[in-house]
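# Structure assessment
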Amino acid sequence: MAVDSGNNQSVERAAQLLRALADAGHTRVRASDLAAAAGLGLSTATRLLATLESLAFVERDPVTSLYRLGPLALRVGGAAANQQPVHREARQVVQNLAARLGLGVNVARRHRDRLVYLINAEGELAPRSFTLLGQTNPLHATGLGKCLLLGCTAHERREILGELTAFTAKTVTDPGVLEAELDEVRARGYAMEVEELALGRACVAAPIRDREGAVVAAVSVSGSLSALDLGHRRDELAQVVIETADTVSTALGYTATALTN
C-alpha cells in the first residue's frame, strides 16, 4: 500500500501541536506560542488548529483566541487510561490510600526513557491544583523511575538513560552509583527519592509486577519533606507502598513463584 507522505506529515504536525498544548499544563496558549513550540510556521499551525478545533481536540476562547485541549482529547486520554490493566486494578486502591495517609499516591509505567503517570491521587497534606495523569518524569531521579528500571537489564539501562541529568545537587548522575542503589532497591523491595528531582519533595516507591513477574509499573507515596516525615515514618511508608504494590500485582495475576519460574 502506498504511503501518503503529505498526510503523514500533517498528522505528525497536528500531534506536535497537541503535545505542545499538553506540555502547557493548565494554561491557555496563543497560536504563535504553539507554533514555536511545535517548530511550525504560524500559518501552518493556525490551519491545523482550526481542523483540530472542528474535531473537538482543541478549544479556542472566542474572546482571547487562546487555545487549550478540548473534550475529545479528554475522552481519548481517559480511554487510554482505562485500557491500561494497571490503571483498572490500582485506581481505587490508590484513591483509598491517598485519603487514608493524606499524602500523594502515584502510579506510573515506563515509556522509553521516561516514566508516565497513570494515576495521581492527592491527600489533604499534598494537594495539587492539577493532575499528573499523562505527564512524564525522568527515571533516574524519581523513586517510581528507580523501581521501573528494575524491569530492565544493566545493558538496557545504559542504552535507555544515556548521560544522567542533574536536577538538584542530590540527583544521582554517576551510573555506577545508580546501579548500586538499584541493587539496594531490589534487595529491600522499595526505592527512595529525597530532593533528587525537586527541592523539598520526596517519595517512597515499590514495583508492581504482572503474572510473569515482570516489572510493569510502580506505585509511590509522595509529598513535601515535612508531610512525609521520613525520619520517623520511613519504615511505615515503605511497608505501605510494598503492600500496595503487592495488592495490585496480585490483581494482575502475579504470585511470588513467578520470579522463580
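These figures come from a predicted structure and were not determined experimentally.

### Focus on the sheet that holds strand β8 (residues 215-224)
Strand order in this open sheet of six strands is β5-β4-β3-β8-β7-β6, and the pairing throughout is antiparallel. The two strands at the open ends of the sheet, each matched to only one other strand, are β5 (136-138) and β6 (191-194). In this sheet, neighbouring strand axes are inclined to one another by 30° on average, regardless of whether the strands run parallel or antiparallel. Relative to β8, strand β3 (residues 104-111) runs antiparallel, the two being bridged by five bridges. Residue Ala 108 lies in a different strand from β8, and its bridge partner there is Ala 218.

### Looking at helix α7 (residues 154-161)
When we look at burial in α7, the residues that qualify are Arg 157, Ile 160 and Leu 161. Angularly, the buried residues of α7 cover 80° about the axis, an arc narrow enough to put them on a single face. Summarising the geometry of α7, the exposed residues directed more than 90 degrees from the buried face are Arg 158 and Glu 159. Check the buried side of α7 and you find it contacts β3, α6 (143-149) and α8 (175-188). Gly 162 occupies a position one or two residues after α7 and carries a positive phi of about 60°.

About the criteria used
Residues numbered from 1 in each chain as written. Predicted model: local features only at pLDDT ≥ 70, side-chain atom pairs only at ≥ 80, totals over all residues. Heavy atoms only, no water. Pairing = 2+ DSSP bridges. Helix = DSSP H or I, 4+ residues; strand = E, 2+ residues; numbered from the N terminus. Axes fitted to C-alpha atoms, helices over the stretch in contact; angles between N-to-C directions. Buried < 20%, exposed > 50% of the residue type's maximum accessible area, 1.4 Å probe, protein only. Arc of directions from axis to C-beta. Contact = heavy atoms within 4.5 Å.

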